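# Chains, contacts and geometry: an overview
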Amino acid sequence: MTVLAATDVSGGYARTDAILKGIAIEAAAGEIVAILGPNGAGKSTFLRAVTGQLPHVAGRIALDGTDIAGLRPRRVARAGVGYVPQEANVFATLTVRENLEMGAWLARDPGSRIVDMLDRFPVLAEKRRDAARTLSGGQRQILAMAIALMVEPKLLLLDEPSAGLSPLAAGALFDTIRQVAAQGVAVVLVEQNAMDALSICDRAYILAAGRNHTTGTGAALAADPDIRRTFLGG
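Since we're looking at a predicted model, the values are computed, not measured.

### Quick notes on the overall build of the protein chain
Helix and strand content of the protein chain: 10 helices and 10 strands. With the principal axes as the frame, the protein chain shows a C-alpha extent of 45 × 40 × 30 Å. Burial status across the protein chain gives 49% buried among its 234 residues. Within the protein chain, contacts between residues separated by at least 24 positions form 67% of all contacts whose residues are at least 6 apart in sequence.

### A look at the sheet that holds strand β5 (residues 66-67)
Taken together, four strands build an open sheet; the order of strands is β2-β1-β4-β5 and the sheet is antiparallel. The sheet terminates laterally at β2 (20-28) and β5, the two strands that pair on one side only. Where strand β1 (residues 2-12) and β2 come together, seven bridges link them in antiparallel fashion. Paired with Val-9 across the strands is Ile-23, a residue of β2.

### Section: unusual backbone geometry
The general pattern is negative phi for most residues beyond glycine and trans for most peptide bonds. The backbone phi angle of Asp-8 is positive, close to 55 degrees, even though this residue is not glycine. Note that Asp-8 resides in strand β1. One non-glycine residue, Glu-152, lies in positive phi territory at about 55 degrees. In this structure, Glu-152 sits in the loop between α6 (137-149) and β7 (155-159).

### Quick look at the environment of Thr-2
The residue Thr-2 is located in strand β1 in this model. Of the residues examined, Thr-2 reaches a relative accessible area of 38% and is grouped as partly exposed. C-alpha separation for the pair Thr-2 and Leu-63, spaced 61 residues apart in sequence, amounts to 8.3 Å. Excluding residues within four positions of it along the chain, Thr-2 makes contact with Glu-26, Ala-27, Ala-28 and Asp-64.

### Some points on the pairing of strand β9 (residues 203-208)
Each regular strand carries side chains that alternate between the two faces of the sheet. Pairing of strand β3 (residues 32-36) with β9 involves four bridges; the strand directions are parallel. For Val-33, the partnering residue across the bridge sits in β9 and is Arg-203. Pairing of β9 with strand β10 (residues 211-217) involves six bridges; the strand directions are antiparallel. Looking across to β10, one finds that Ala-204 is bridged to Gly-216. Joining the antiparallel neighbours β9 and β10 is a turn of two residues, in which Ala-209 adopts a positive phi near 55 degrees.

The rules we used
- Residues numbered from 1 in each chain as written.
- Predicted model: local features only at pLDDT ≥ 70, side-chain atom pairs only at ≥ 80, totals over all residues.
- Heavy atoms only, no water.
- Helix = DSSP H or I, 4+ residues; strand = E, 2+ residues; numbered from the N terminus.
- Buried < 20%, exposed > 50% of the residue type's maximum accessible area, 1.4 Å probe, protein only.
- Contact = heavy atoms within 4.5 Å.
- Pairing = 2+ DSSP bridges.

Take a look at the structure:
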């Protein structure tokens, strides 16, 4: 079942400066979709368009068939979109449990959701009384995802989730992303670690200059020598 269907999405931070120039991206329930491309291609900007943070958006962004393009972030979150930005994605001075409480602002049963998250992510249960600033980079990213999952989203958007992580921590994080998708959530992630992203995604979109360039399965794109040379660093 298609959860996200974005078609002909254009826009930017000013009316005269279009960063996105007709992008089309889809993601189904339980699917991991990667968005790749060089710096400035519009990857993170597209996530902000979906979440209602981009001031000027044209085109259609459908969530379960309902157009959410142009809605305010609060309404997008209520519709079922979770979002983890690359930076400032946890409350550093609050404990792990308090971070989850902050993420529960739209949850139907906050107490039960917190218990669910602590059960799902044992490392967070172990650290639930610790300040978020004391967590490792990988643990912080898991906490950031758990905060976004508190509202039971249909669609989870991740912006550079492995940035700054060691290969070991990134591998553990990608395993966690697989587990989230396996529970039926559509996951869309923007990644600079392209080969790692291709190894876990079902499909990937490569953007260039604000437009779709290439689409295919992770395995097919990873094996394409032209794609590797042009977009994946060899």
